[in-house]
Amino acid sequence: MAEINRIVILTGAGISAESGIDTFRSEGGLWEQHRIEDVATPEGFARDPDLVLGFYDMRRAALSKAEPNDAHRALARLEREFPGELLLVTQNVDDLHERGGSRDVLHMHGELKSALCASCEIRSAWDAPMSATGGQRPQCPVCQAPTLRPDVVWFGEMPYQMDRIYAALGAADLFVSIGTSGGVYPAAGFVQEARQSGARTLELNLEPSEGTHFFHEARHGPAGQLVPRWVDEVLDWN
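Residues numbered from 1 in each chain as written. Predicted model: local features only at pLDDT ≥ 70, side-chain atom pairs only at ≥ 80, totals over all residues. Heavy atoms only, no water.

**Q** A description of the pattern of salt bridges should follow, citing residues and the corresponding values.
**A** Where charged atoms of side chains with opposite charge meet at close range, the side chains can pair. A full pass over the atoms with the stated rule returns 18 salt bridges. Across the pair E81 and R77 runs a salt bridge whose closest N-O atoms are separated by 3.4 Å. Taken as a pair, E81 and R77 lie in helix 5 (residues 70–81) at a separation of four residues, close to a single helical turn. A relative accessible area of 41% means that E81 is categorised as partly exposed. For D95, the salt bridge goes to K113, with nearest N and O atoms at 3.4 Å. (Salt bridge = Lys/Arg side-chain N within 4 Å of Asp/Glu carboxyl O. Helix = DSSP H or I, 4+ residues; strand = E, 2+ residues; numbered from the N terminus. Buried < 20%, exposed > 50% of the residue type's maximum accessible area, 1.4 Å probe, protein only.)

**Q** If you had to explain the environment of F190 to someone new, which residues and values would you point to?
**A** Along the polypeptide, F190 turns up in helix 8 (residues 190–196). Through-space distance from the C-alpha of F190 to that of T180 is 12 Å; in sequence the pair is ten residues apart. When near neighbours in sequence (up to four residues on either side) are disregarded, F190 contacts L10, M108, M162, I165, Y166, L169 and F175. (Contact = heavy atoms within 4.5 Å.)

**Q** Requested: an account of the packing of aromatic side chains, with residues and values cited.
**A** Evaluation of the coordinates by the stated rule reveals five aromatic pairs. When the centroid spacing of 5.4 Å and the interplanar angle of 45 degrees are considered together, the rings of F45 and W154 count as tilted. One end of the pair, F45, is in helix 3 (residues 42–47); the other, W154, is in the loop between strand 8 (148–152) and helix 7 (162–171), with 109 residues separating them in the sequence. Each member of the pair F45 and W154 is classed as buried. Seen from their ring centres, F175 and F215 are 6.3 Å apart, and the 15 degrees between their planes marks the pair as stacked. In this pair, F175 is assigned in strand 9 (residues 174–178) and F215 in the loop between strand 10 (200–205) and strand 11 (217–220), connecting sequence segments 40 residues apart. For the pair formed by F175 and F215, the shared burial category is buried. The rings of F45, F55, Y56 and W154 are connected pair by pair, giving a single aromatic cluster. The lysine or arginine in question, R123, covers the ring of Y160, its NZ or CZ lying 4.5 Å from the ring centre. Positioned over the ring face of W154 is R149, at 3.8 Å from the centre of the ring. (Phe/Tyr/Trp six-rings, centres within 6.5 Å; stacked < 30°, edge-to-face > 60°. Lys NZ or Arg CZ within 6 Å of the ring centre and 35° of its normal.)

**Q** Kindly report on the sheet that holds strand 10, identifying the contributing residues and their values.
**A** Pairing is parallel across the open sheet formed by six strands, whose spatial order is 5-4-1-9-10-11. On the outer flanks of this sheet lie strand 5 (105–107) and strand 11, each paired with one strand and no other. For this sheet, the mean inter-axis angle between neighbouring strands, taken without regard to orientation, is 20 degrees. Relative to strand 5, strand 4 (residues 85–90) runs parallel, the two being bridged by three bridges. Counted as the bridge partner of T90 is H107 from strand 5. Set on the sheet, helix 9 (residues 223–237) makes contact with strand 1 (6–11), strand 9, strand 10 and strand 11; between it and strand 10 the angle comes to about 150 degrees. (Pairing = 2+ DSSP bridges. Axes fitted to C-alpha atoms, helices over the stretch in contact; angles between N-to-C directions.)

**Q** Got a sec to walk through the UniProt feature "binding site: Zn(2+)" (unreviewed entry) in the protein chain? Specific residues and values, please.
**A** UniProt records the feature "binding site: Zn(2+)" (unreviewed entry) for C117, C120, C140 and C143 in the present numbering. Across 27 residues, the annotated set stays spatially compact, with a maximum C-alpha separation of 8.6 Å. Mapped onto the elements of the fold, C117 is located in strand 6 (residues 110–117). Overall, C117 belongs to the buried group, its relative accessible area being 1%. (UniProt positions renumbered as here; feature names shortened; annotations may be inferred.)

**Q** Got a sec to walk through the side chain of H109? Specific residues and values, please.
**A** Position of H109 among the secondary structure elements: in the loop between strand 5 and strand 6. Setting aside anything within four residues of it in sequence, one finds H109 in contact with T90, Q91, V93, D151, V152, V153 and P159.

**Q** Explain the nonpolar core to me, and be specific about the residues and the numbers.
**A** I7, I9, L75, V176, V227 and W230 are the most contacted members of the largest nonpolar core, which has 23 residues in total. Of all the elements in the fold, those that place two or more residues in this core are strand 1, helix 5, strand 9, strand 10 and helix 9. Top element by residues in this core is helix 9. It accounts for seven residues. Leaving out residues up to four positions away in the same chain, L75 has contacts with I9, T11, I15, L88, H97, S102, I178, V227, W230 and V231. (Core = buried A, V, L, I, M, F, W, Y, C linked by side-chain atoms within 4.5 Å.)

**Q** Could you give me a rundown of the packing of helix 5 against helix 9, with the residues and numbers involved?
**A** Pairs of packed helices are described in terms of their axes, by the angle between the two and the distance that separates them. Axis separation between helix 5 and helix 9 bottoms out at 7 Å; the angle between their running directions is 15 degrees. Here helix 5 lies roughly parallel to helix 9, going by the angle between them. Classified by chirality, the crossing of helix 9 by helix 5 is left-handed. Seen from helix 5, the contacting residues are D70, A71, A74, L75, R77, L78 and E81; seen from helix 9, they are A223, G224, V227, P228, W230, V231, D232, V234 and L235. Broken down by class, the residue content of the contact of helix 5 with helix 9 amounts to eleven nonpolar, one polar and four charged. (Parallel < 35°, antiparallel > 145°, perpendicular 65-115°, else oblique. Left-handed = near helix turned anticlockwise from the far one by under 90°. Nonpolar A, V, L, I, M, F, W, Y, C, P; charged D, E, K, R; others polar.)

Here you go:
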């Protein structure tokens, strides 16, 4: 383990669940009482933009009440103190990693507090409601078109910065998956990608994921307990 110089970490909904952020899927295929097809696909947005914009407004408001937990803070400490290279990739659209102290986070599925303009394709920081008020949707800060949508990757869309992620996996000595279900691609395939490149692999998850058998090692329990312990181990190696 003393030879670990390049680490790639993938985090999923499980790391934020302990902060009160609902996980993506629940029983019955509902997400906060909505069908995923209605609020997380381009087709759903085209069919009922008011429903989708209102849904993400609700999630953005809920996020403001959540706080980072010990797992987020431990990864921020690792970023500060690890002497090698570290890439933190998250499937989460919340900002809890950043508020926990991480400075360089790759949001492969976009960010809840960002707006994407369908007209000029410019992204803008966004913390206000995006749904219509008085019959008018808010304007893009750049081109003034009323065509904003959440800067979130929906089903059927390509996740962000995949070239950078695959390059990092190809060079990694260690790949760690934290709080992910192991069932959503392309992220579910990262462990195999890392293993093919010779990296060691570790799963930290509340319970065995769909891809647990692909990992060299798996530890199961709450992220707020597992992640700080693992970070202590890593920093002790170095």
